[in-house]
Amino acid sequence: MSDAPLTGWLDTTPDERTMATLAHALQLVGSWIAPLIIFLIRRQSRFVAFHALQALLLQIIHTILLLVIILSWFALMFFYVIPQNAHSTDFSPALLVIFPLVWIVFAGMWVGMLVIAIVYAVRAGRGEWADYPLLGRLARKILKMEPKTSYR
């Protein structure tokens with residue numbers, strides 16, 4: 001039996017692993033607020049702060065993307081639905097294609113967040129210092145931690 005999944009098990013306490021797991025899992029229901037609260041409450045723990053900051057950064061990017069998509073959707077609706085001429089009844093078939101695409105993007109983002117939250121919650125529960133792609137490096141830089149050298 002290999003002990004590879006338990007990398008860092010002795011470096012962290014059960015309480016730290018629980019809080020780091022919650023930072024990832026609660027982002028599904030608490031958006032950016034849940035990781036922010038955990039980050040602020042447990043900042044003295046490097047392990048918890050690292051995992052909570054990653055979840056927080058991911059939620060900030062997710063929120064910004066949602067706002068951009070929603071604002072683009074409203075701008076598109078404004079220009080296509082409100083006709084230039086009040087008596088015009090022309091309906092753009094592009095809206096019939098764009099609406100399902102926007103819905104698929106929202107659903108895809110939600111599924112992506114669900115998968116990321118579950119995978120990294122499990123890894124945090126094992127005591128791993130698991131980095132999100134790109135955001136892990138940024139979180140380490142913000143917390144002034146050494147770069148990750150081995151990628152197990």
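Criteria and cut-off values
- Residues numbered from 1 in each chain as written.
- Predicted model: local features only at pLDDT ≥ 70, side-chain atom pairs only at ≥ 80, totals over all residues.
- Heavy atoms only, no water.
- Core = buried A, V, L, I, M, F, W, Y, C linked by side-chain atoms within 4.5 Å.
- Buried < 20%, exposed > 50% of the residue type's maximum accessible area, 1.4 Å probe, protein only.
- Helix = DSSP H or I, 4+ residues; strand = E, 2+ residues; numbered from the N terminus.
- Contact = heavy atoms within 4.5 Å.
- Expected span 1.5 Å × (residues − 1).
- Arc of directions from axis to C-beta.
- Salt bridge = Lys/Arg side-chain N within 4 Å of Asp/Glu carboxyl O.

Trainee: Help me understand the nonpolar core, please; the structure alone is not making it clear to me.
Mentor: In summary, soluble globular proteins display a tendency toward joint burial of nonpolar side chains. Residues Ile38, Phe39, Leu53, Tyr132 and Leu143 are the most contacted members of the largest nonpolar core, which totals 21 residues. Sorting elements by how many residues they give to this core places helix 4 (residues 46–81) first, with nine residues. In this structure Leu143 touches Phe39, Arg46, Ala49, Phe50 and Leu53, once residues within four positions along its chain are discounted.

Trainee: Would you explain helix 1 (residues 14–25) in this entry?
Mentor: Within an α-helix, residues lying three or four positions from one another point in the same direction, as the helix has 3.6 residues per turn. With 12 residues, helix 1 should cover 16 Å at 1.5 Å per step; its first-to-last C-alpha distance of 16 Å lies within 8% of that length. Within helix 1 the residues assigned to the buried category are Glu16, Arg17, Met19, Ala20, Ala23 and His24. Each buried residue of helix 1 lies within a common arc of 165° when the element is viewed along its axis, so the set occupies one face.

Trainee: I keep staring at the pattern of salt bridges and nothing clicks. Help me out?
Mentor: Oppositely charged side chains can form a pair if their charged atoms are brought close together. For the structure shown, the criterion picks out four salt bridges. Close ionic contact of Arg123 with Glu128 constitutes a salt bridge, the shortest N to O distance being 2.9 Å. Here Glu128 and Arg126 are joined by a salt bridge, their closest N and O atoms 3.8 Å apart. Taking relative accessible area as the criterion, Arg126 reaches 35% and is therefore assigned partly exposed. Each of Arg123, Arg126 and Glu128 takes part in a single network of salt bridges with overlapping partners.

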